[in-house]
2 protein chains.
Amino acid sequence: MRVTTDADSPPAGRARLADVARLAGVSVGTASKALSGNGRMRPETRQRVLDAVETLGFRPNHHARTLHTGRSWTVGLVTTDGIGRFSTPVLLGAEDALGEGRISVLLCDTRGDAIREQHHLRNLMDRRVDGIIVTGRRTDPRSPLRGVEPIPTVYALSPSTDPEDMSVVSDDGNGVTLAIEHLLATGRTRIAHITGPAHHAAARDRARFTVELLAASGLEPATGRVHFGEWSEAWGRRAVEALLRTAPDTDALFCGNDQIARGAADALREKGVNVPGRVSIVGWDNWDTMALACRPPLTTIDGNLAEVGRRAALRLLDAIASRPEPGVRAVSCRLVVRESS
Amino acid sequence: MRVTTDADSPPAGRARLADVARLAGVSVGTASKALSGNGRMRPETRQRVLDAVETLGFRPNHHARTLHTGRSWTVGLVTTDGIGRFSTPVLLGAEDALGEGRISVLLCDTRGDAIREQHHLRNLMDRRVDGIIVTGRRTDPRSPLRGVEPIPTVYALSPSTDPEDMSVVSDDGNGVTLAIEHLLATGRTRIAHITGPAHHAAARDRARFTVELLAASGLEPATGRVHFGEWSEAWGRRAVEALLRTAPDTDALFCGNDQIARGAADALREKGVNVPGRVSIVGWDNWDTMALACRPPLTTIDGNLAEVGRRAALRLLDAIASRPEPGVRAVSCRLVVRESS
DNA sequence: AACAAATGAGCAATCGTTTTCCTGAAAGGA
DNA sequence: TCCTTTCAGGAAAACGATTGCTCATTTGTT
């Protein structure tokens, strides 16, 4: 209930377009046109409206506008489980790119729960979001969202299993290439690959690319096989200990993530093996708290996750402007050379 | 432009309340009342409406509702710089508590830029958010938001400098008490405190509480003073090396965060000093990748950051329901005992 | 049986913009 | 001078729900 003492008194609360119009001596419609730049009008009229906007501190009501135009200038950001180390940069990259487009982000954390996901999706549809970005912490493909048909959706980091959907991922093949070529270029040939659990796509893919790429140079992994394990420092240490026994002539370690790499570096140092003198190490993720704290600081592959988020947002904006381009796009990785190689 | 072939045909696109009403054979107003439970009506009438809702898959338009009622069921979550290790759990805790209240979260990352902050605030006001939660990555008090007067605001993690604002923080004093009492209870008396830079409130406050609490037991820090430095492992290592020279009889380290603690643990191990045999270590943050990967796993103080977020959200909900309770509330910490003590 | 009270349901105003007509008036051309 | 364009600006209909008010019916009371 807006309180006004009489018809022409200054309005209580926030100024409405009607107040602006009255002050400028024009109709509401004209005021609207003056602001949107749609209708034609005398420059001085427009200026009067603009001045009135200034004096009253008028800001248009977002919901009224959305109600009429159907565009909410909002996108839903659905994170599959928690907001972790991987989804955070994606999320920030997306928020950044969307902010440029004056679009706001509704955050939905599903905690990996399908019920909660459906719940959030209905909410997003009720709020008439212009689009949805889905991101998870793993690179394993995920099943597409259900029941959001008319709303453009982009999958970031974890691609959709449906190739007709839009997905943006980090290019693991490219990352492997950067790492292996760097090691070969610095004269290493007996390269071991230590990585995470085989049931993670990230581990499997990187391992496969590694083996293929080594084979292309007539090489094979130092121990003849890839070492799957966990994404932990402890696994890195254990793997190195085994490695020093089985293949003591190994001259480089390519690790599936920075934690494994750091564990490996620690184990080597404690065994008196010089890094990078006798063994080079390359990690993956460029996770600063690991890579920089490592002794020596880690050479590592940066998945450019913020860029993945940015690109996902840009594709979403394209799709919203109805230029749908389905398919998976991969963002190149970056090799960050530090002292471990 | 909604396309209908004739007045009574099923509507294209999403169902509106008008469609529900027509199907149920009642007026729009009655249908609305049937759903909100506000008006009185014959049970069978209500049921007809409910059935129609079901058949049409009707979901109310959020913006239309907000436009009329003024409540958007949305809160803005403003993070001061990035979304880091500290703001993430706060954010998740808040999102969780707000989700219970069927409220959505608009994410605003200011990147520490005042211009961007103002920009986001105006946006939030345009969207008529019901409330705002402000969070940062430091515990240093921050200046209150400007120009959001009528909107309830809660500061999480970094309190507002204005005591009349609502703030929720982690209780550093309590954390220090837990840590020191644990060390004393396990027989340690020559306790050193190694922490971050003195220009961080987190470092200063924890140091002050530590000195006070030791004094209360007739003790003083092992070296007679607190060691300020950085929040890094490297500083932890350096500090320990200095400590072993100046005060070799030190029997416990209380570190300002887990990174320092981990660095300290590494340095001690490498000097052949047994942990926890000869020296106990307690860290702060319970940051799993540090605390669990540490050798030995770290005893540490958990700031319960998710709970800080939850409590901030709950206070905000209270304030929205117009029960304003200004002031700073502190969330207790938790001592997580592992093998380093 | 007659009148008052309670109840069920509809009408229409409202929220604040956008946008589509539509109307005068001014300007231009013959 | 008269007729056709162009132009400025207004009136009003959306957009989709909520809610106060009104008006018939029932129901209840002597």
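Residues numbered from 1 in each chain as written. Chains lettered and ligands numbered in written order. Predicted model: local features only at pLDDT ≥ 70, side-chain atom pairs only at ≥ 80, totals over all residues. Heavy atoms only, no water.

Colleague: Please give an account of the protein's contact with DNA strand D that cites residues and values.
Modeller: Taken together, 26 residues lie around DNA strand D, and A:Ser27, A:Thr30, A:Lys33, A:Thr45 and B:Leu17 are the ones closest in. Near the protein, meaning within 4 Å, the atoms of DNA strand D are sugar or phosphate in a fraction of 69%, with bases accounting for the rest. B:His68 places a polar side-chain atom, nitrogen or oxygen, 3.1 Å from a base oxygen of DNA strand D. Of all the elements in the fold, those that place two or more residues in the surface near DNA strand D are α2 (28–36) and α4 (62–69) of chain A together with α2 (28–36) and α4 (62–69) of chain B. By residue number, the principal contributor to the surface near DNA strand D is α2(B), which donates four residues. For the surface near DNA strand D, the class distribution of residues is eight nonpolar, ten polar and eight charged. (Near = heavy atom within 4 Å. Polar contact = N/O pair within 3.5 Å; in protein donor to acceptor, adjacent residues only side chain to side chain. Helix = DSSP H or I, 4+ residues; strand = E, 2+ residues; numbered from the N terminus. Nonpolar A, V, L, I, M, F, W, Y, C, P; charged D, E, K, R; others polar.)

Colleague: Tell me about the sheet that holds strand β9 (residues 280–284) of chain B, residues and numbers included.
Modeller: Residue and element names in this part refer to chain B. The strand order across the open sheet formed by six strands is β7-β6-β8-β9-β10-β12, and the pairing between neighbours is mixed. Edge positions in the open sheet fall to β7 (227–228) and β12 (334–336), since each of these has one partner strand only. Bridging between β9 and strand β10 (residues 299–302) involves three bridges; their strand directions are parallel. Looking across to β10, one finds that Val282 is bridged to Thr299. (Pairing = 2+ DSSP bridges.)

Colleague: Outline the pattern of salt bridges, listing residues and values.
Modeller: Counting across every chain of the model gives 52 salt bridges over all chains. Put simply, B:Asp172 and B:Arg206 hold a salt bridge, and the shortest N to O gap is 3.1 Å. With B:Asp172 in helix α7 (residues 172–185) and B:Arg206 in helix α8 (residues 201–216), this pair connects stretches of sequence that are 34 residues apart. With a relative accessible area of 8%, B:Asp172 lands in the buried category. Classification of B:Arg206 as buried rests on a relative accessible area of 7%. In this structure, B:Asp251 engages B:Arg190 in a salt bridge whose closest nitrogen and oxygen atoms are separated by 3.7 Å. Residue B:Asp251 is found in the loop between α9 (233–246) and β8 (252–255), and its partner B:Arg190 is found in the loop between α7 and β6 (191–195); the two are separated by 61 residues along the sequence. Looking at B:Asp251, the relative accessible area reads 8%, which means it is buried. Since its relative accessible area comes to 36%, B:Arg190 is described here as partly exposed. Each member of the salt-bridge network shares a partner with another, and the members are A:Asp266, A:Arg269, A:Glu270, A:Arg295, B:Asp266, B:Arg269, B:Glu270 and B:Arg295. (Salt bridge = Lys/Arg side-chain N within 4 Å of Asp/Glu carboxyl O. Buried < 20%, exposed > 50% of the residue type's maximum accessible area, 1.4 Å probe, protein only.)

Colleague: If you had to explain the relation of the copies chain A and chain B to someone new, which residues and values would you point to?
Modeller: Rotating chain A by 180° about the axis while translating it 0.0 Å along that axis superimposes it on chain B, leaving an RMSD of 0.1 Å. Both copies are brought into coincidence by an operation consistent with a two-fold rotation axis. When you check the interface residues of chain A against chain B, 100% turn up at the interface there too, and the contact is symmetric in its surfaces. (Least-squares fit on C-alpha atoms with pLDDT ≥ 70 in both. Contact = heavy atoms within 4.5 Å.)

Colleague: If you had to explain the side chain of B:Arg188 to someone new, which residues and values would you point to?
Modeller: Residue and element names in this part refer to chain B. Summarising the element assignment, Arg188 is placed in the loop between α7 and β6. This buried residue, Arg188, is left without a salt bridge; Asp251 holds the nearest opposite charge, at 5.4 Å. At a separation of 3.3 Å, a polar atom in the side chain of Arg188 contacts the side chain of Ser280. If sequence neighbours within four positions are ignored, Arg188 has contacts with Leu183, Asp251, Ala252, Pro276, Gly277, Arg278, Val279 and Ser280. (Lys, Arg positive; Asp, Glu negative; His and termini not counted.)

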